[in-house]
Amino acid sequence: MFENLNWWEIGALLMLALLIFGERLPKVIGDGLRMVRGLRAMAQNATSDLSRELGTDIQLEDLHPKAFIRKHILSEDEEASLRKPLQTLFDDVKQDLNGVKTELSDVAAAADIKSAAPAKSTAPAEVPRPAQRYDLDAT
């Protein structure tokens, strides 16, 4: 919670709290801790009531809608049947991309002039042409 604050900033906050609340600071801290304990107890009671009503053991992490549906409503077979079309699509795309990667690496290896040995050519060497100059005002 306080990982972004250094010791000077925490000390300044404590001094500010002492100035604002003065002699009531221990009572304010106690009230805050009591409130946190009450919130924890309410959350625990709510999860236990929900577990009792559903007839299954439910944890606080299971209350996320996706996790709840996955754990309590869908069976493993239904989840597998929902995943199957997407999994086959994923496998097809992965296979296509692996093919493209192989082709690109073959092209890169063929175009790599540093590692490729110069091939001897029987054709006569080309005569270099002089660079053509263009009139910039004409275009």
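Please refer to the structure higher up on the page.
Since the structure is predicted, the reported quantities are computational estimates derived from the model, not experimental observations. (Residues numbered from 1 in each chain as written. Predicted model: local features only at pLDDT ≥ 70, side-chain atom pairs only at ≥ 80, totals over all residues. Heavy atoms only, no water.)

K.L.:
Before we move on, can you summarise the overall build of the chain with the specific residues and values?
P.N.:
A tally of regular secondary structure across the chain gives 4 helices and 0 strands. Each helix and strand of the chain, placed in order from N terminus to C terminus, yields the pattern α-α-α-α. Counting over 139 residues, the chain shows a buried share of 4%. For the chain, the exposed area adds up to about 13500 Å²; of that, 62% sits on carbon and sulfur atoms. (Helix = DSSP H or I, 4+ residues; strand = E, 2+ residues; numbered from the N terminus. Buried < 20%, exposed > 50% of the residue type's maximum accessible area, 1.4 Å probe, protein only. Areas by Shrake-Rupley, 256 points an atom, 1.4 Å probe, with all protein chains shown as cover.)

K.L.:
Please give an account of the side chain of T47 that cites residues and values.
P.N.:
Within the secondary structure, T47 sits in helix α2 (residues 25-54). Within the structure, the side chain of T47 is placed 2.8 Å from the backbone oxygen of Q44, a separation counted as a polar contact. (Polar contact = N/O pair within 3.5 Å; in protein donor to acceptor, adjacent residues only side chain to side chain.)

K.L.:
Please set out the pattern of salt bridges residue by residue, giving values where relevant.
P.N.:
A side chain of one charge can pair with a side chain of the opposite charge if their charged atoms are brought near each other. For the structure shown, the criterion picks out 3 salt bridges. Between D31 and K27 there is a salt bridge, and its shortest N-O distance comes to 3.4 Å. In this pair, D31 and K27 are both assigned in helix α2, 4 residues apart and thus about one turn of the helix distant. For D31, a relative accessible area of 32% translates into the label partly exposed. Across the pair R52 and D49 runs a salt bridge, and its minimum N-O distance is 2.8 Å. Here R52 pairs with D49, and both are found in helix α2, just 3 residues apart, close to one helical turn. (Salt bridge = Lys/Arg side-chain N within 4 Å of Asp/Glu carboxyl O.)

K.L.:
Give me helix α1 (residues 7-21): which residues, what numbers.
P.N.:
Residues spaced three or four apart along an α-helix face the same direction, because each turn holds 3.6 residues. For α1, spanning 15 residues, the distance from its first C-alpha to its last is 21 Å, which sits close to the expected 21 Å at 1.5 Å a residue. Two or three places before W8, at the start of α1, stands the capping residue N6, its side-chain oxygen 3.2 Å from that residue's backbone nitrogen. Remark: G22 follows α1 within two positions and exhibits a positive phi of approximately 60°. (Expected span 1.5 Å × (residues − 1).)

K.L.:
Describe in detail helix α4 (residues 76-111), supporting the description with residues and values.
P.N.:
Taking 1.5 Å per residue as the helical rise, α4 with its 36 residues ought to reach 52 Å, and the 50 Å between its terminal C-alpha atoms agrees with that figure. When the local axis directions of α4 are compared, the greatest deviation, roughly 35°, occurs at K84, which is followed within four positions by the proline P85. (Bend = angle between axes of the 7 residues up to and from the residue.)

K.L.:
With reference to specific residues and values, describe the environment of T47.
P.N.:
The buried category is assigned to T47, whose relative accessible area is 10%. Sequence separation between T47 and D57 is 10 residues, and the spatial gap between their C-alpha atoms is 9.1 Å.

K.L.:
Got a sec to walk through the environment of T88? Specific residues and values, please.
P.N.:
Its location among the elements puts T88 in helix α4. In terms of polar contacts, T88 uses its side chain to reach the backbone carbonyl oxygen of P85, at 2.8 Å.

Worth remembering: the numbers are spatial, not functional.
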